[in-house]
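Understanding the architecture of this molecule
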Amino acid sequence: MSESATGAPGLVLHTSQGRPYRFDPGALCLELLPTGGHSTYTQYETLHTPADLVRWAGESRLASGLDLADLAVSDDELARAHELRAVLWRLTKALAHGQAADPADTEVVNAVAAAPPLVPRIAAGSGREWAPGATGSALLSTVARDAVQLFTGPYAQRIRECGAHNCLLLFVDTSRPGKRRWCAMERCGNRQKVRAHRARHLEGDV
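Below or above, wherever it landed, is the structure these notes cover.

**Examining the side chain of Asp52**
Mapped onto the elements, Asp52 comes out in helix α3 (residues 50–59). The buried charged residue Asp52 lacks any salt bridge, with Arg55 as its nearest oppositely charged partner at 4.0 Å. Setting aside chain neighbours within four positions, we find Asp52 in contact with Thr46 and Leu47.

**Here we look at the side chain of Thr35**
Inspection of the secondary structure assignment puts Thr35 in the loop between α2 (28–31) and α3. A polar side-chain atom of Thr35 sits 3.0 Å from a polar atom in the side chain of Arg85. Leave out the neighbours within four places in its chain, and Thr35 touches Tyr44, Glu45, Thr46, Leu47, Trp56 and Arg85.

**So, the packing of helix α5 (residues 103–113) against helix α6 (residues 136–152)**
Running from N to C, α5 and α6 point in directions that differ by 130°, and their axes come no closer than 7 Å. As judged from the angle between their axes, α5 and α6 are oblique. Here α5 and α6 pass one another in a crossing that is left-handed. Contact with α5, carried on its side by Val109, Asn110, Val112 and Ala113, involves Leu140, Ser141, Ala144, Arg145, Ala147 and Val148 of α6 and no other residues of that element. Class assignment for the residues of the contact of α5 with α6 results in seven nonpolar, two polar and one charged.

About the cut-offs
Residues numbered from 1 in each chain as written. Predicted model: local features only at pLDDT ≥ 70, side-chain atom pairs only at ≥ 80, totals over all residues. Heavy atoms only, no water. Helix = DSSP H or I, 4+ residues; strand = E, 2+ residues; numbered from the N terminus. Buried < 20%, exposed > 50% of the residue type's maximum accessible area, 1.4 Å probe, protein only. Lys, Arg positive; Asp, Glu negative; His and termini not counted. Salt bridge = Lys/Arg side-chain N within 4 Å of Asp/Glu carboxyl O. Contact = heavy atoms within 4.5 Å. Polar contact = N/O pair within 3.5 Å; in protein donor to acceptor, adjacent residues only side chain to side chain. Axes fitted to C-alpha atoms, helices over the stretch in contact; angles between N-to-C directions. Parallel < 35°, antiparallel > 145°, perpendicular 65-115°, else oblique. Left-handed = near helix turned anticlockwise from the far one by under 90°. Nonpolar A, V, L, I, M, F, W, Y, C, P; charged D, E, K, R; others polar.

Take a look at the structure:
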């Protein structure tokens, strides 16, 4: 589900019980991370085919006001998306914990960003559309360029990992006070409120 469909940025994810919730990681590049993982997190994979990457693009903030129906993705570009996602996981997590980035990972981002990106243009009726010839490589270049902007910009110090002990979601805190702690209030934020409420009651019974 995209921003254009709901009026709110972010992705619709689901809990292990199947309940939907909206997660806004604050940047396009970070929207790629919840599509799966590497190493021990491959069980969460959702990008199994090139069509899955096209579907993700249509659900991302890229789709706001833009038609992605003509986006073509190859098997090699899907494999490149997996590689870029793994690198973005490591780089984002490192920044969230104040650690140094692996130069090899930054080289991958730079290489992907060097390809021509998706090109928006004015459509008939003054709307927006992607210029013809949108490819998976152009899509990934656009994602990688967004990562370069995030990792080298003013919000690089606001990249966070969700404060819940059992949640691995990463986001950039774009709120004015800079005090966001949870991936989503309707998920981890509310669970923390419930725990705190129960703890207060237990203390009161002692």
